[in-house]
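This is what each chain is made of:
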Amino acid sequence: MTQEIIIILVMAVPMILFGVYPGLKLGEFLERKYNIGESLKRKIMIITTVVFTLTLSSLLYYI
């Protein structure tokens with residue numbers, strides 16, 4: 001179990017390259033649509049990037 005988690009986290013490092021773009025786009029969209037502040041935009045971008053990266057790397061591991 002812990003070995004699987006470690007492998008997924010190691011695979012997540014290169015997947016950050018693919019996860020940054022959706023995070024940026026979502027942050028910009030929410031800033032335009034709902035007029036959110038800069039600090040909230042940054043938090044949304046970081047959370048989206050991390051979630052997308054971990055999801056992508058776990059899908060690659062289990063498929």
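A cluster of nonpolar side chains, contributed by Met1, Ile5, Leu9, Ile46, Val50 and Leu54, occupies part of the molecular surface with about 590 Å² of accessible area. At the level of secondary structure, the elements contributing two or more residues to the nonpolar patch comprise helix H1 (2-34) and helix H2 (38-62). Among the elements that line the nonpolar patch, the one with the most residues is H2, at three residues. Positionally, Leu9 belongs in helix H1.

This brings us to H2. With 25 residues, H2 ought to run about 36 Å at 1.5 Å a step, and its terminal C-alpha atoms sit 36 Å apart, in line with that. Those residues of H2 that sit buried are Lys41, Ile44, Met45, Thr48, Thr49, Thr53 and Ser57.

Right, let's talk about the packing of H1 against H2 for a bit. Where H1 meets H2, the closest approach of the two axes is 5 Å, and the angle between their N-to-C directions is 140°. Our classification of the angle between H1 and H2 gives oblique. Handedness of the H1/H2 crossing: right-handed. Residues that form the contact of H1 with H2 fall into these classes: 21 nonpolar, eight polar and five charged.

Here the structure, examined in full by the defined rule, presents one aromatic pair. For the pair Tyr61 and Tyr62, a centre-to-centre distance of 4.9 Å together with 80° between the ring planes defines the contact as edge-to-face. Tyr62 gets classed as exposed once you look at its relative accessible area, which sits at 54%.

Glancing now at the side chain of Thr53. Topologically, Thr53 is positioned in helix H2. Given a relative accessible area of 4%, Thr53 falls into the buried group.

Another aspect to go through is the environment of Leu9. Here Leu9 falls in the partly exposed class, since its relative accessible area comes to 48%. In this structure the C-alpha to C-alpha distance between Leu9 and Val50, which are 41 residues apart in sequence, comes to 11 Å.

All right, on to the environment of Pro22 then. Looking at the secondary structure, you find Pro22 in helix H1. The exposure class assigned to Pro22 is partly exposed, which follows from its relative accessible area of 26%. Taking C-alpha positions, Pro22 is 7.1 Å from Thr49, a pair spaced 27 residues apart along the chain.

The rules behind each value
- Residues numbered from 1 in each chain as written.
- Predicted model: local features only at pLDDT ≥ 70, side-chain atom pairs only at ≥ 80, totals over all residues.
- Heavy atoms only, no water.
- Patch = residues over 30% accessible without salt bridge, like charges linked within 9 Å, V, L, I, M, F, W, Y side chains within 5 Å.
- Areas by Shrake-Rupley, 256 points an atom, 1.4 Å probe, with all protein chains shown as cover.
- Salt bridge = Lys/Arg side-chain N within 4 Å of Asp/Glu carboxyl O.
- Helix = DSSP H or I, 4+ residues; strand = E, 2+ residues; numbered from the N terminus.
- Expected span 1.5 Å × (residues − 1).
- Buried < 20%, exposed > 50% of the residue type's maximum accessible area, 1.4 Å probe, protein only.
- Axes fitted to C-alpha atoms, helices over the stretch in contact; angles between N-to-C directions.
- Parallel < 35°, antiparallel > 145°, perpendicular 65-115°, else oblique.
- Left-handed = near helix turned anticlockwise from the far one by under 90°.
- Nonpolar A, V, L, I, M, F, W, Y, C, P; charged D, E, K, R; others polar.
- Phe/Tyr/Trp six-rings, centres within 6.5 Å; stacked < 30°, edge-to-face > 60°.

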